[in-house]
Amino acid sequence: MTGGAGESGGRSTDRVAPNGESVDGGLADGRSVNGGSEDGARARTHAVERLLARHGIEFAGVKAAGHAGDIAAVTASAASRARLEDLASEIKALGFKYVALELGPGA
Amino acid sequence: MTDESSHHTPAAKYAVLTEILRECGSVCIGYSGGVDSVFLSVAAVDVLGRERVLAVTGRSAAYPGVQHRTAVDCARRFGIPHEELETDELSDPNYAANPSDRCYFCKTELWTKLGEFARERGLAVVLDGSNADDAGDWRPGLLAAREQGVRSPLLEAGLTKAEIRALSKRRGLPTWDQPAAPCLSSRLPYGLAVTPRRLRQVEAAEAALRRRGFREFRVRHHGDAARIEVAPAELDRAAAAAGPLWRELREVGFGRVLLDVEGYRRGALNEGLPVMRVEGAA
């Protein structure tokens, strides 16, 4: 192991700090911070989009978020929050652990 | 009221607690400033007197500053003898890797140091504030306590969280309705390494929510993303505050800010883990 407590340097690296963190801020066990294959994530998000469309929920997009890609991040209005809560179990069944509204500009 | 049911009232359980404390003689208490440890410490002082009680706070980067302030304030107001020591669980790679039994390594560090502290000061028994509700949850920290010879008198007396809150209120403790305040590492999903930077981000993000008047919440760290959980009754208010929350959490270093649509659920990260039964319950 090399390095000190290691804050994120923005570069991909296999160095591990004494506290177990990879210096680029990834997971202690070496998995990437992007969580699984991009094709798999895309398939899951498309499935969620189809689900939302079937239920008439207006949204701008769905992305897999988080270091493990296990958050279904939905860009939609605040008013959609309650309806997304109602559908949370169905969304999770499509391969996500959490369902969340994406906050920020354009959300 | 039958003789059997009279043993199960909060008053009866408190009587059992006082007997346990007398049996201990002198105690060193792991004192976080939470509902349970404040209640236990005040009870110990009431039963044993200040000379036979010492409440000790273990401080590290994972210990929330807001809880430290409560710990110090309550110790001063209620005459609890209080000291602090530094714990270094983040230097333990077993802890920093953030496995599902992370608490075992944290509490091993804490109780090892408190045990030495107690011996140096001639205090007979080390106590923790685990309560009867903890016996049915995933609690690797309780296993560490047992291995270190720590007693859990609230749990032994059968006192539940609700009963402790009620007794705290009766005693005039300001912590009676304080929300649960686990360490900051609990905001990182198992497998995401615990680092000082991530803990600082979580603490700053939760301070932003606290300033906006949210009372029961967590900010979960998912690498680049912050996932906010608030109490179900406050979800719509949080959604309406999307813009300011996004700006403030971006300022503490999160790339994406998310609001969990289901809200805050205590122990959600433990869903799917086995229940760990630990001896010592009444």
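See the structure above.
Note that the coordinates shown come from a computational prediction; the quantities given were computed from them, not determined experimentally. (Residues numbered from 1 in each chain as written. Chains lettered and ligands numbered in written order. Predicted model: local features only at pLDDT ≥ 70, side-chain atom pairs only at ≥ 80, totals over all residues. Heavy atoms only, no water.)

## What to know about the overall build of chain A
(1) Moving on: On a plain count of helices and strands, chain A comes out with 3 helices and 3 strands.
(2) Moving on: Its helices and strands in sequence order give chain A the pattern α-β-β-α-α-β, from N to C terminus.
(3) Moving on: Residues counted as buried form 43% of the 107 residues belonging to chain A.
(4) Moving on: For chain A, the share of sequence-separated contacts (at least 6 apart) that also reach a separation of at least 24 residues comes to 42%.
(5) Moving on: Carbon together with sulfur atoms contributes 49% to the accessible area of chain A, which is approximately 5,500 Å² in total. (Helix = DSSP H or I, 4+ residues; strand = E, 2+ residues; numbered from the N terminus. Buried < 20%, exposed > 50% of the residue type's maximum accessible area, 1.4 Å probe, protein only. Contact = heavy atoms within 4.5 Å. Areas by Shrake-Rupley, 256 points an atom, 1.4 Å probe, with all protein chains shown as cover.)

## Quick notes on the interface of chain B and chain A
(1) Moving on: Counting from both sides, the interface comprises 34 residues of chain B and, opposite them, 31 residues of chain A.
(2) Moving on: In total, chain B and chain A occlude about 2,700 Å² of area from one another, counting both sides; carbon and sulfur atoms represent 59% of this.
(3) Moving on: Linking chain B to chain A there are 3 salt bridges.
(4) Moving on: At the junction of chain B and chain A, the tally comes to 8 residue pairs in polar contact (both at pLDDT 80 or more).
(5) Moving on: Those elements giving two or more residues to the side of chain B that touches chain A turn out to be α5 (93–96), α10 (196–211), β6 (225–230), α11 (235–240), α12 (242–251) and β7 (256–260) of chain B.
(6) Moving on: Residue contributions to the side of chain B that touches chain A peak at 5 residues, all from β7 of chain B.
(7) Moving on: When strand β3 (residues 98–103) of chain A meets β7 of chain B, the two strands line up antiparallel, connected through 4 bridges. Paired with Leu-103 of chain A across the strands is Val-257 of chain B, a residue of β7 of chain B. (Buried area = accessible area lost by both parts, 1.4 Å probe. Salt bridge = Lys/Arg side-chain N within 4 Å of Asp/Glu carboxyl O. Polar contact = N/O pair within 3.5 Å; in protein donor to acceptor, adjacent residues only side chain to side chain. Pairing = 2+ DSSP bridges.)

## What about the packing of aromatic side chains?
Two aromatic rings are characterised by how far apart their centres lie and by the angle between their planes.
(1) Moving on: All told, the structure shown has 2 aromatic pairs over all chains when counted by the stated rule.
(2) Moving on: Here Tyr-104 of chain B and Phe-105 of chain B contribute two aromatic rings whose centre-to-centre distance is 5.4 Å and whose plane-to-plane angle is 90 degrees, an arrangement assigned as edge-to-face.
(3) Moving on: Over the ring of Phe-117 of chain B we find Arg-121 of chain B; its NZ or CZ atom is 3.7 Å from the centre of that ring.
(4) Moving on: Above the plane of the ring of Tyr-98 of chain A lies Arg-227 of chain B, whose end atom (NZ or CZ) is 3.6 Å from the centre. (Phe/Tyr/Trp six-rings, centres within 6.5 Å; stacked < 30°, edge-to-face > 60°. Lys NZ or Arg CZ within 6 Å of the ring centre and 35° of its normal.)

## Some points on the pairing of β7 of chain B
(1) Moving on: Most of β7 of chain B sits inside the fold, with 5 of its 5 residues counted as buried.
(2) Moving on: Of the two faces of β7 of chain B, the one carrying Arg-256, Leu-258 and Asp-260 of chain B and the one carrying Val-257 and Leu-259 of chain B are both buried.

## Examining the sheet that holds strand β3 (residues 82–86) of chain B
Residue and element names in this part refer to chain B.
(1) Moving on: Strands sit in the order β3-β2-β1-β4 across an open sheet of 4 strands; the sheet is parallel. A single partner strand is all that each edge strand has here, and the edge strands are β3 and β4 (125–127). On average, adjacent strands in this sheet sit at an angle of 30 degrees to one another, irrespective of strand direction.
(2) Moving on: Strand direction decides the pairing type here: strand β1 (residues 27–30) and strand β2 (residues 53–59), joined by 4 bridges, are parallel. (Axes fitted to C-alpha atoms, helices over the stretch in contact; angles between N-to-C directions.)

## Brief notes about the layout of surface pockets
The method is simple in principle: a probe with the dimensions of a water molecule rolls over the atoms, and the space it marks as empty is what remains.
Residues and elements named next belong to chain B.
(1) Moving on: Roughly 430 Å³ of volume is contained in the second largest pocket.
(2) Moving on: Considering the residues around the second largest pocket, the lining is formed by 23 residues, among which Val-66, Pro-179, Ala-180, Ala-181 and Arg-210 are closest to the centre.
(3) Moving on: When residues of the lining of the second largest pocket are traced back to their parent elements, those giving at least two are α4 (65–78), α10 and β5 (217–222).
(4) Moving on: For the lining of the second largest pocket, the per-class residue count stands at 11 nonpolar, 3 polar and 9 charged. (1 Å grid on protein atoms, 1.4 Å probe; cavity = no way out; pocket = protein on both sides within 12 Å on 5 of 7 lines; lining within 4 Å. Points joined across faces, edges and corners; volume = space filled by probe spheres on them. Nonpolar A, V, L, I, M, F, W, Y, C, P; charged D, E, K, R; others polar.)

## Focus: the pairing of strand β1 (residues 61–65) of chain A
Look at any regular strand and the pattern is simple: side chains alternate between the two faces of the sheet.
All names here are of chain A.
(1) Moving on: Across 5 bridges, the pairing between β1 and strand β2 (residues 71–75) is antiparallel. Pairing of Val-62 across the sheet is with Val-74, part of β2.
(2) Moving on: In this antiparallel pair of consecutive strands, β1 and β2, the connection spans 5 residues, and Gly-66 shows a positive phi of 90 degrees.

## Comments concerning the pattern of salt bridges
Residues and elements named next belong to chain B.
(1) Moving on: Tallied over the full model, the rule gives 27 salt bridges over all chains.
(2) Moving on: The salt bridge involving Lys-161 is made with Asp-36; its shortest N-O contact spans 2.9 Å. Of this pair, Lys-161 sits in helix α9 (residues 161–171) while Asp-36 sits in helix α3 (residues 35–48); the two residues are 125 residues apart in sequence, bridging distant segments of the chain.
(3) Moving on: Among the ionic pairs, Asp-46 bridges to Arg-171, the shortest N-O distance being 3.0 Å. Here the residue Asp-46 occupies a position in helix α3, and Arg-171 occupies one in helix α9, the gap between them amounting to 125 residues.

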